Amino acid sequence: MATSQHYIWAGGHFILLASALRIFLSWITFGSPSTWWYKAGFLGALISYAIVCHKSLGTPQPNAAWAKRAILDENVQYFILAFFWFTSKPVTIALLPYAIFSLFHALTFARTTLMPQFLPPGPPATAGGPPTPPPLAKRLQVWVKANYDRAMSVVAYTEILIFVRVILGAITFQNSLLSPLIYGHFLRQRYYQSAFTRHALAQADAQVTGLTTRPGVPPVVGQVWQRVRGLIGAWAGGVLQAPGTPNANAGAARR
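Rules and cut-offs
- Residues numbered from 1 in each chain as written.
- Predicted model: local features only at pLDDT ≥ 70, side-chain atom pairs only at ≥ 80, totals over all residues.
- Heavy atoms only, no water.
- Phe/Tyr/Trp six-rings, centres within 6.5 Å; stacked < 30°, edge-to-face > 60°.
- Helix = DSSP H or I, 4+ residues; strand = E, 2+ residues; numbered from the N terminus.
- Lys NZ or Arg CZ within 6 Å of the ring centre and 35° of its normal.
- pLDDT = per-residue confidence, 0-100.
- Contact = heavy atoms within 4.5 Å.
- Core = buried A, V, L, I, M, F, W, Y, C linked by side-chain atoms within 4.5 Å.
- Buried < 20%, exposed > 50% of the residue type's maximum accessible area, 1.4 Å probe, protein only.
- Axes fitted to C-alpha atoms, helices over the stretch in contact; angles between N-to-C directions.
- Parallel < 35°, antiparallel > 145°, perpendicular 65-115°, else oblique.
- Left-handed = near helix turned anticlockwise from the far one by under 90°.
- Nonpolar A, V, L, I, M, F, W, Y, C, P; charged D, E, K, R; others polar.
- Salt bridge = Lys/Arg side-chain N within 4 Å of Asp/Glu carboxyl O.
- Patch = residues over 30% accessible without salt bridge, like charges linked within 9 Å, V, L, I, M, F, W, Y side chains within 5 Å.
- Areas by Shrake-Rupley, 256 points an atom, 1.4 Å probe, with all protein chains shown as cover.

Draft legend 1. The arrangement of the packing of aromatic side chains in detail. Using the criterion set out here, one finds 17 aromatic pairs in the structure. Each ring, one from Phe42 and one from Tyr98, has its centre 5.3 Å from the other, and the planes form 80 degrees; the classification is edge-to-face. Separated by 56 residues along the polypeptide, Phe42 in helix α2 (residues 35–57) and Tyr98 in helix α5 (residues 95–118) bring together distant segments of the chain. Pairing Phe104 with Tyr148 gives two aromatic rings, centres 5.9 Å apart and planes at 85 degrees, and the pair type is edge-to-face. In this pair, Phe104 is assigned in helix α5 and Tyr148 in helix α6 (residues 135–171), connecting sequence segments 44 residues apart. Taken together, Tyr38, Phe42, Tyr49, Tyr78, Phe84, Trp85, Tyr98, Phe101, Phe163, Tyr183 and Phe186 form an aromatic cluster joined through their ring pairs. The lysine or arginine in question, Lys39, covers the ring of Phe86, its NZ or CZ lying 5.2 Å from the ring centre.

Draft legend 2. Local environment of the confidence of the model for the protein chain. Scored by pLDDT, the protein chain has a mean of 87; 91% of the residues are at 70 or more. Considering each helix and strand of the protein chain separately, the mean pLDDT is smallest for helix α9 (residues 219–236), with a value of 83, and largest for helix α4 (residues 74–87), with 96. This stretch, residues 239–255, has a pLDDT under 50; its non-local contacts, to residues over four places away or in other chains, come to 40 contacts.

Draft legend 3. How the structure looks around the nonpolar core. Formed by 34 residues in total, the largest nonpolar core has its most connected members in Phe42, Ala45, Trp85, Tyr98, Met152 and Tyr183. Secondary-structure elements contributing two or more residues to this core are α1 (4–28), α2, α4, α5, α6, α7 (178–193) and α8 (195–212). Counting residues in hydrophobic clusters, the runner-up holds five residues, among them Leu57, Trp66, Ala70 and Val76.

Draft legend 4. Focus on the packing of α2 against α5. Orientation of α2 relative to α5, taken along the N-to-C sense of each, is 50 degrees, at an axis distance of 11 Å. Between α2 and α5, the interaxial angle falls into the category oblique. The two elements α2 and α5 cross, and the hand of that crossing is left-handed. Together, Gly41, Phe42, Ala45 and Tyr49 of α2 and Leu95, Tyr98 and Phe101 of α5 make up the contact between the two elements. Along the lines of polarity and charge, the residues of the contact of α2 with α5 split into six nonpolar, one polar and no charged.

Draft legend 5. Structural context of the pattern of salt bridges. One pass over the full model with this rule turns up two salt bridges. One salt bridge connects Arg190 with Glu74, and the closest N-O pair in it is separated by 2.8 Å. You can see Arg190 sitting in helix α7 and its partner Glu74 sitting in helix α4, a full 116 residues away along the chain. Glu74 shares its class with Arg190; the two are buried. A salt bridge links Arg229 to Asp205, with the nearest nitrogen and oxygen atoms 2.7 Å apart. Taken as a pair, Arg229 in helix α9 and Asp205 in helix α8 lie far apart in primary sequence, 24 residues in all. Given a relative accessible area of 12%, Arg229 falls into the buried group. Using a relative accessible area of 3% as the deciding quantity, one classes Asp205 as buried.

Draft legend 6. Inspection of the environment of Gln117 at higher detail. Within the secondary structure, Gln117 sits in helix α5. Spatially, the C-alpha atom of Gln117 lies 9.9 Å from that of Pro134, the residues being 17 residues apart in sequence.

Draft legend 7. View of a nonpolar patch on the surface. There is a patch of nonpolar side chains on the surface, built from Val220, Val221, Val224, Val228, Ile232 and Trp235 and spanning about 480 Å² of accessible area. Considering the arrangement of structural elements, one finds Val220 in helix α9.

Encoded structure:
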């Protein structure tokens, strides 16, 4: 049975989804996204991730071992990033990865917790056996499993776009100079922890390399890009995956 903490966790995700939907409606109607909804969305993220972090790590401990576990925990990383976005000048696209995560969490919560309470169960799988989950819940489970990897790939590509956005924003003074540094470190961690991020970065690298080496493009453009690749690889602690190199981990679960 779901606890009150579980309902609060789900509530955070529903707040985030409602806020993201409101901002999306503003976009398609050519309105200006409200800062209030942006803040509400990240507040929902903070609520949900705080509960998950506490559940996985327990009460914060003033020692190096606990701090190391926390720093390497993906949920802590997303919690810290959500706090940074919440306290910074809005970068609206930054809400999209959280909204995608929340969509899958909210659907799973609805399937496992809400639907069994409000929908009639399905027929038993065998004569005299227990009832099965509601048919709608089973269809929802199939949809989540079929679309999870695709959604995580969208998240990975979106996080690269966010990095480009905050770099351009720093150059044009639309966001702080600290944003690319903080988000770059976050993306570096994602590269080491997420197969989806590694695959997305490899694909992006291949696309940019292909564009800079096309016939008619001045050689200096390719040389500059190779220098940038080298700097990124040195900063990240390794070399970017070469274009065309298969990614053995592509399609694995987000880790």
